[in-house]
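Observations on the three-dimensional arrangement
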Amino acid sequence: MQINYGVWDLSVKELAVVGVYSACGGLGIGYLFYDNFLVGIPIMLGLLLTKSQYTKHLIEKRRAKLLLQFRDLLYSISSSVSVGRNMMQALGESITFWENTYTERDYIMIELNGMLRREKEGNDCDVAILEDFAQRSGLDDIEDFVGVYEICRDTGADLVKAIGQANRVIGDNIKLEKELH
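Residues numbered from 1 in each chain as written. Predicted model: local features only at pLDDT ≥ 70, side-chain atom pairs only at ≥ 80, totals over all residues. Heavy atoms only, no water.

On a plain count of helices and strands, the protein comes out with 8 helices and 0 strands. Element order for the protein, N to C, with α for helix and β for strand: α-α-α-α-α-α-α-α. The C-alpha radius of gyration computed for the protein amounts to 22 Å, which surpasses the reference 16 Å derived for 181 residues by more than 25%, pointing to a less compact arrangement than a globule. Out of the 181 residues belonging to the protein, those deemed buried represent 38%. Here the contacts in the protein between residues at least 6 apart in sequence split such that 62% fall between residues at least 24 apart. Just so you have it, the protein exposes about 11000 Å², and 57% of that area is on carbon and sulfur atoms. Taking the average location of the 19 positive side-chain charges in the protein and that of its 26 negative ones, the two points are 4 Å from each other. (Helix = DSSP H or I, 4+ residues; strand = E, 2+ residues; numbered from the N terminus. Rg over C-alpha atoms; globule rule 2.2 N^0.38 Å. Buried < 20%, exposed > 50% of the residue type's maximum accessible area, 1.4 Å probe, protein only. Contact = heavy atoms within 4.5 Å. Areas by Shrake-Rupley, 256 points an atom, 1.4 Å probe, with all protein chains shown as cover. Lys, Arg positive; Asp, Glu negative; His and termini not counted. Charge placed at Lys NZ, Arg CZ, Asp CG, Glu CD.)

A few words now on the nonpolar core. Phe70, Ile77, Leu91 and Phe145 are the most contacted members of the largest nonpolar core, which totals 40 residues. For this core, the secondary structure elements donating two or more residues are α3 (51–82), α4 (87–98), α5 (107–122), α6 (126–137), α7 (140–155) and α8 (159–180). Aside from chain neighbours lying at most four places away, what touches Leu91 is Leu73, Ile77, Leu112, Met115, Leu116 and Leu130. (Core = buried A, V, L, I, M, F, W, Y, C linked by side-chain atoms within 4.5 Å.)

On the surface, a cluster of nonpolar side chains totalling about 530 Å² of accessible area is made up of Ile29, Leu32, Phe33, Tyr34 and Val39. Looking at the secondary structure, you find Ile29 in helix α1 (residues 12–34). (Patch = residues over 30% accessible without salt bridge, like charges linked within 9 Å, V, L, I, M, F, W, Y side chains within 5 Å. Salt bridge = Lys/Arg side-chain N within 4 Å of Asp/Glu carboxyl O.)

For the coordinates displayed, the defined rule picks out 10 salt bridges. With a shortest N-O distance of 2.8 Å, Arg118 and Asp132 are connected by a salt bridge. One end of the pair, Arg118, is in helix α5; the other, Asp132, is in helix α6, and 14 residues separate them in sequence. For Arg118, a relative accessible area of 23% corresponds to the partly exposed category. With a closest N to O distance of 3.7 Å, Arg153 and Asp154 form a salt bridge.

Right, let's get into α6. In this model, α6 (12 residues) spans 16 Å end to end at C-alpha, consistent with the 16 Å of a helix rising 1.5 Å per residue. Looking only at α6, the buried set comprises Asp126, Val127, Ile129, Leu130, Phe133, Ala134, Arg136 and Ser137. Positive phi appears at Gly138, one or two residues downstream of α6, with a value of about 75 degrees. (Expected span 1.5 Å × (residues − 1).)

Moving on: the confidence of the model for the protein. Within the protein, residue pLDDT values average 87, and 99% of them lie at 70 or more. Element-level pLDDT for the protein is lowest in helix α2 (residues 40–48), with a mean of 82, against a maximum mean of 91 in α6. (pLDDT = per-residue confidence, 0-100.)

Where α3 meets α7, the axes come as close as 10 Å, and the angle between the chain directions of the two elements is 30 degrees. Relative to α7, the element α3 is oriented roughly parallel. In contact with Leu66, Leu67, Phe70 and Leu74 of α3, α7 contributes Asp141, Ile142 and Phe145. Here the residues of the contact of α3 with α7 are counted per class, giving 6 nonpolar, no polar and 1 charged. (Axes fitted to C-alpha atoms, helices over the stretch in contact; angles between N-to-C directions. Parallel < 35°, antiparallel > 145°, perpendicular 65-115°, else oblique. Nonpolar A, V, L, I, M, F, W, Y, C, P; charged D, E, K, R; others polar.)

The residue Ser137 is located in helix α6 in this model. Residue class for Ser137 comes out buried when judged on its relative accessible area of 0%.

Both trends apply: most residues other than glycine have a negative phi, and most peptide bonds are in trans. The phi torsion at Asp35 lies on the positive side, around 55 degrees, for a residue other than glycine. For Asp35, the position within the fold is in the loop between α1 and α2.

This is the structure we're talking about:
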């Protein structure tokens, strides 16, 4: 199953949450400021338009979680590549490395299983698989890593050092985002 991390379809439960918050907020504002619930009805309808903002919030939350998981993945890839494994072998070993930390429903485990399945069944090359993941994630850090990996693979550069640098950059970006929030 491939996930497009830039799209979020609200479930019935999430739509209900937006509806309840909009109704409570609109009617509460109407009563609080105008001492009349009927005035809150147009406000409530206006608040229902915040559904797109809620969807954007959920997308950003999912991407932040994916980035944290990807940063963790880089640790295991680095150790596998440093002992001579190729990228697809490193991704395969990462599944066993992280299976006690992440569940099958975590984004990175879904992606790892999908990547390995594509490599085995579709005979796709590692760069194409990683580029597809980077494009679907919509995260610049992952796209940059894939670009660096492709350059290292084609030129024979030190991939372990590049992965370590990518890990530091992603960690710094995550730290900066937390400080901004």
